[in-house]
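# Observations on chain architecture
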Amino acid sequence: MPKTKTYIKWPQIESNLSKALEHFKYTRFDTILGLARGGVIPATMLSYKLNCHNLQQLGVRTRDVESIVYYGSPLLTGRVLVVDDINDSGLTFSSVDNYIRYHFDHNEIDEVTYCSVFRRYNTEFKSDITGEVIKDDKWLVFPWD
C-alpha cells in the first residue's frame, strides 16, 4: 500500500530554513555541501543567506541499490555545512558522515554540521539542525520534485 503524500509548499521551506538560520547566527561556514538531488536547492538558498560562496554538491543514492553510490568529488575545507531536504531514516547522513571521514584530510576540515529542512521523528541519525520534525510516516513531496 502506497504511503499518503504530503505536498510541501515554498512558504514552508522558507519558514523551516529561517528556523535553521536561527542556529547559525554566529556561525560562519567555509563550505556548504548540498546532497543531490533534494538537498541542492536548500543548500543553495542557505549559501545565499549565509553568504557562503563555496557551494559544493555530492550525489548520494541510498535507495533501491545494494550498496550506497556516490556521485561527484566535492572540495571540503574549514567549517562544513551538509544540507539535505529530509533526514528520513538517517542512512544518507550516516553514509555521508562515513564518506567524509574516509575521503578527506581532517587537517583541512575543522567541523562538519548536518542540517535538514525536515527530519523524520524516528531517524537513527539526529541532524544537528532541523527546520521541522515530521511526526508521521507520510511521504513528503517537495516543490522541486
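Whatever comes next refers back to the structure up there.
### Details of the packing of aromatic side chains
Counted under the stated rule, the structure contains nine aromatic pairs. For the pair Phe24 and Phe29, a centre-to-centre distance of 5.2 Å together with 85 degrees between the ring planes defines the contact as edge-to-face. In terms of burial, Phe24 and Phe29 fall into one category: buried. A ring pair is formed by Tyr114 and Phe125, whose centres lie 5.1 Å apart and whose planes are at 75 degrees; its orientation type is edge-to-face. A residue pair is termed long-range when its members are at least 10 positions apart, and Tyr114 in strand S6 (residues 109–120) and Phe125 in the loop between S6 and strand S7 (129–134) qualify at eleven residues. Taken together, the aromatic side chains of Trp10, Phe118, Phe142 and Trp144 make up a single cluster linked through ring pairs.

### Thoughts on the nonpolar core
In terms of nonpolar packing, the biggest core is built from 23 residues, with Ile13, Phe24, Leu81, Cys115, Phe118 and Phe142 touching the most fellow members. By size, the runner-up hydrophobic cluster in this structure holds 15 residues, among which are Leu35, Leu76, Tyr99 and Phe104.

### Re the side chain of Asp97
Its location among the elements puts Asp97 in helix H3 (residues 91–103). Residue classification places Asp97 among the buried positions, given a relative accessible area of 14%. Side chain to side chain, Asp97 and Tyr114 meet in a polar contact 2.8 Å long.

### What to know about the environment of Asp137
The residue Asp137 is located in the loop between S7 and strand S8 (139–141) in this model. Separated by 49 residues in sequence, Asp137 and Asp88 have C-alpha atoms that sit 9.3 Å apart. Not counting residues within four places of it along the chain, the set of residues in contact with Asp137 comprises Lys3, Arg120, Tyr121 and Asn122. In this structure the side chain of Asp137 is engaged in a polar contact, spanning 3.4 Å, whose partner is the side chain of Tyr121.

### Considering H3
Every α-helix winds through 3.6 residues per turn, so residues three or four apart in the chain are directed the same way. Compared with an ideal rise of 1.5 Å per residue, which puts 13 residues at 18 Å, H3 spans 18 Å between its outermost C-alpha atoms and is within 8% of the ideal. Turning to H3, its buried residues are Thr92, Phe93, Ser95, Val96, Asp97, Tyr99 and Ile100. Looking at the packing, one finds that the buried side of H3 touches strand S2 (31–36), strand S3 (55–61), strand S4 (69–71), strand S5 (78–87) and S6.

### Considering the pairing of S2
Along S2, five of the six residues are buried, which leaves the element largely enclosed by surrounding structure. Direction of pairing for S2 relative to S5: parallel, over a ladder of four bridges. Bridge pairing in S5 places Thr31 opposite Val80. For S2 and S3, the ladder comprises five bridges, and the chain directions are parallel. Paired with Ile32 across the strands is Leu55, a residue of S3.

### Quick word on the packing of helix H1 (residues 10–22) against helix H2 (residues 40–49)
For the pair H1 and H2, the least separation of the axes is 11 Å and the interaxial angle reads 50 degrees. In terms of orientation, H1 lies oblique with respect to H2. Regarding H1 and H2, the two cross each other, and that crossing is right-handed. Of the residues in H2, those in contact with Trp10, Ile13, Glu14, Leu17 and Leu21 of H1 are Ile41, Pro42, Met45, Leu46 and Lys49.

Rules and cut-offs
- Residues numbered from 1 in each chain as written.
- Predicted model: local features only at pLDDT ≥ 70, side-chain atom pairs only at ≥ 80, totals over all residues.
- Heavy atoms only, no water.
- Phe/Tyr/Trp six-rings, centres within 6.5 Å; stacked < 30°, edge-to-face > 60°.
- Buried < 20%, exposed > 50% of the residue type's maximum accessible area, 1.4 Å probe, protein only.
- Helix = DSSP H or I, 4+ residues; strand = E, 2+ residues; numbered from the N terminus.
- Core = buried A, V, L, I, M, F, W, Y, C linked by side-chain atoms within 4.5 Å.
- Polar contact = N/O pair within 3.5 Å; in protein donor to acceptor, adjacent residues only side chain to side chain.
- Contact = heavy atoms within 4.5 Å.
- Expected span 1.5 Å × (residues − 1).
- Pairing = 2+ DSSP bridges.
- Axes fitted to C-alpha atoms, helices over the stretch in contact; angles between N-to-C directions.
- Parallel < 35°, antiparallel > 145°, perpendicular 65-115°, else oblique.
- Left-handed = near helix turned anticlockwise from the far one by under 90°.

No statement about biological role is implied by the geometric values presented.
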